[in-house]
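# Residue-level structure breakdown
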Amino acid sequence: MSTYEWLLFLHVTGAFLLLGGGVVAGSLNIAALRRDRPSEIVLLFGLIRIAVASILIGTLLAFVFGLWLVHEAGYGYGDGWVITAIVLLIVANAMGGIGGKRDEATAKFAAELAAQGDAPSPELRSRVRDPISLALSYGSGLVLVAILAIMIWKPGA
């Protein structure tokens, strides 16, 4: 295999880990929205951490090998689609990180409630359904889909 093919393989592997982790995290979040018991919410939010590991590894692989591919394929780092993808990757990670911090606080609150009898709580329900956290997390996923579209079509290249 050529250098280009190896780089492409590693870049696409990173993209799959990134997007797959995002899908898993979103699915677990949806499952948490449908639960009332704090212990179940703690479990589901804890599983999201595994998906976050996939997202982080995928981001690193996609970014590093993507930049290397730009060089190897003869594109320019100043090309609009390359700059746009990098900016959107930063935006997606920032949104996901902020939403994730809010969800971590919710998970801690759920763990406290689980330790105190595991009774459903309107406040916990409200926190799990927090529109800001949901907008940040799902918005991050939509930005990742936009990056995927840019990588496939390379507008202006």
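Here's what I pulled together on the structure shown here. (Residues numbered from 1 in each chain as written. Predicted model: local features only at pLDDT ≥ 70, side-chain atom pairs only at ≥ 80, totals over all residues. Heavy atoms only, no water.)

### Some words on the packing of aromatic side chains
The full count for this structure, using the stated rule, is three aromatic pairs. Judged by centre distance (6.1 Å) and plane angle (85°), the rings of W6 and F9 are edge-to-face. With W6 and F9 both in helix α1 (residues 3–33) and three residues apart, the pair spans about one turn of that helix. On the basis of an interplanar angle of 90° and a centroid distance of 5.1 Å, the ring pair of Y75 and W81 is categorised as edge-to-face. By relative accessible area, Y75 is classed as partly exposed at 32%. Using a relative accessible area of 6% as the deciding quantity, one classes W81 as buried. Seen from the ring of F109, R127 lies directly overhead, with NZ or CZ sitting 4.1 Å from the centre. Seen from the ring of W81, K154 lies directly overhead, with NZ or CZ sitting 5.6 Å from the centre. (Phe/Tyr/Trp six-rings, centres within 6.5 Å; stacked < 30°, edge-to-face > 60°. Helix = DSSP H or I, 4+ residues; strand = E, 2+ residues; numbered from the N terminus. Buried < 20%, exposed > 50% of the residue type's maximum accessible area, 1.4 Å probe, protein only. Lys NZ or Arg CZ within 6 Å of the ring centre and 35° of its normal.)

### A short note on the pattern of salt bridges
Per the counting criterion, the structure on display carries five salt bridges. The partner of R37 in a salt bridge is D118, with the nearest N and O atoms 2.5 Å apart. Separated by 81 residues along the polypeptide, R37 in the loop between α1 and α2 (38–73) and D118 in the loop between α3 (80–115) and α4 (122–128) bring together distant segments of the chain. Overall, the relative accessible area of 40% leaves R37 in the partly exposed class. Where D130 meets R102, a salt bridge forms, and the shortest distance between an N and an O atom there is 2.6 Å. Separated by 28 residues along the polypeptide, D130 in the loop between α4 and α5 (131–153) and R102 in helix α3 bring together distant segments of the chain. Given the relative accessible area of 15%, D130 is considered buried. For R102, a relative accessible area of 32% puts it in the partly exposed group. (Salt bridge = Lys/Arg side-chain N within 4 Å of Asp/Glu carboxyl O.)

### Structural notes on the environment of F9
Given the relative accessible area of 46%, F9 is considered partly exposed. For F9 and A62, which are 53 residues apart along the polypeptide, the C-alpha to C-alpha distance reads 9.9 Å.

### Comments concerning the layout of surface pockets
In this structure, the largest pocket encloses a volume near 940 Å³. What lines the largest pocket is a set of 33 residues, among which A25, I48, V52, I55 and G96 lie closest to the centre. Among the secondary structure elements, those contributing two or more residues to the lining of the largest pocket are α1, α2, α3 and α5. Looking at the lining of the largest pocket element by element, the count peaks at 10 residues for α3. For the lining of the largest pocket, the per-class residue count stands at 16 nonpolar, 12 polar and five charged. One number sums up the size of the second largest pocket: a volume of about 630 Å³. Around the second largest pocket, the lining comprises 28 residues; the ones closest to its centre are H11, A62, G66, W81 and M151. Here the lining of the second largest pocket is composed, by residue class, of 24 nonpolar, three polar and one charged. (1 Å grid on protein atoms, 1.4 Å probe; cavity = no way out; pocket = protein on both sides within 12 Å on 5 of 7 lines; lining within 4 Å. Points joined across faces, edges and corners; volume = space filled by probe spheres on them. Nonpolar A, V, L, I, M, F, W, Y, C, P; charged D, E, K, R; others polar.)

### Let's talk about α2
The terminal C-alpha atoms of α2, which comprises 36 residues, lie 51 Å apart, in line with the 52 Å expected from a rise of 1.5 Å per residue. Two residues or fewer after α2 comes G74, characterised by a positive phi angle close to 85°. (Expected span 1.5 Å × (residues − 1).)

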